[in-house]
Amino acid sequence: MDGDHFKILINEENQHSLWPAQKIAPLGWTETGFTGSKAECVEFVDESWQDMRPKTLAMSSK
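Note that the coordinates shown come from a computational prediction; the quantities given were computed from them, not determined experimentally.

*Asks:* Describe the overall build of the chain, naming the residues involved and giving the relevant values.
*Replies:* Secondary structure summary: the chain contains two helices and three strands in total. If you list the helices and strands of the chain from N to C, you get β-β-β-α-α. Counting the 62 residues in the chain, one finds 19% classified as buried. Across the chain, contacts joining residues at least 24 apart in sequence account for 40% of those joining residues at least 6 apart.

Structure follows, in C-alpha cells:
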C-alpha cells in the first residue's frame, strides 16, 4: 500500500529499514526521525545508505 505512511529505522550495523509509521520500532532498531510516503522513504534510504555492508564489515576494510 504505497499510500501508507512510513518511518526509517536504523540498527547498530547502519542497516536501514522502512517501517509502518504507526508501529513501534522492534528491539535493536532506532527511529531516524524521517517519515513520509513509501517513495519518499525509499529516496531517503537510497541517498543516505550508500554502503550496503554492515558497519563492522565496512570498518574492517579501511
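Additional details are given in the paragraphs that follow.
*Asks:* Could you give me a rundown of the pairing of strand S2 (residues 16-20), with the residues and numbers involved?
*Replies:* In the sheet, strand S1 (residues 5-11) pairs with S2 via five bridges, with the strands oriented antiparallel. Bridged to Lys7 within S2 is Trp19. The antiparallel hairpin formed by S1 and S2 contains four residues in its connecting segment, where Asn14 sits at a positive phi of about 70 degrees.

*Asks:* For the nonpolar core, give the residues involved together with the corresponding values.
*Replies:* Within soluble globular proteins, side chains that are nonpolar tend to cluster in buried spots. Counting five residues, the largest nonpolar core is built from Phe6, Ile8, Cys41, Val45 and Trp49. At the level of elements, S1 and helix H1 (38-48) are the ones that each hand at least two residues to this core. Among all residues touching Ile8, those that are not within four sequence positions of it are His16, Ser17, Leu18, Thr30, Glu31, Thr32, Phe34, Cys41, Phe44 and Val45.

*Asks:* So what about the environment of Trp49? Which residues, and what values?
*Replies:* With respect to the secondary-structure elements, Trp49 resides in the loop between H1 and helix H2 (55-60). On the basis of relative accessible area, Trp49 is assigned to the buried category, the value being 14%. Sequence separation between Trp49 and Ile10 is 39 residues; the distance between their C-alpha atoms is 10.0 Å. Not counting the four nearest positions on each side in its chain, Trp49 is found in contact with Asn14, Gln15 and His16. At 3.2 Å, the side chain of Trp49 forms a polar contact with the backbone oxygen of Asn14.

*Asks:* Which residues make up the packing of aromatic side chains, and what values do they have?
*Replies:* Tallied over the entire structure, the rule returns one aromatic pair. Centre to centre, the rings of Phe34 and Phe44 are 4.3 Å apart; their planes meet at 15 degrees, and the pair counts as stacked. Placement of the pair is Phe34 in strand S3 (residues 29-37) and Phe44 in helix H1, with a sequence separation of 10 residues.

Quick notes on the rules
Residues numbered from 1 in each chain as written. Predicted model: local features only at pLDDT ≥ 70, side-chain atom pairs only at ≥ 80, totals over all residues. Heavy atoms only, no water. Helix = DSSP H or I, 4+ residues; strand = E, 2+ residues; numbered from the N terminus. Buried < 20%, exposed > 50% of the residue type's maximum accessible area, 1.4 Å probe, protein only. Contact = heavy atoms within 4.5 Å. Pairing = 2+ DSSP bridges. Core = buried A, V, L, I, M, F, W, Y, C linked by side-chain atoms within 4.5 Å. Polar contact = N/O pair within 3.5 Å; in protein donor to acceptor, adjacent residues only side chain to side chain. Phe/Tyr/Trp six-rings, centres within 6.5 Å; stacked < 30°, edge-to-face > 60°.

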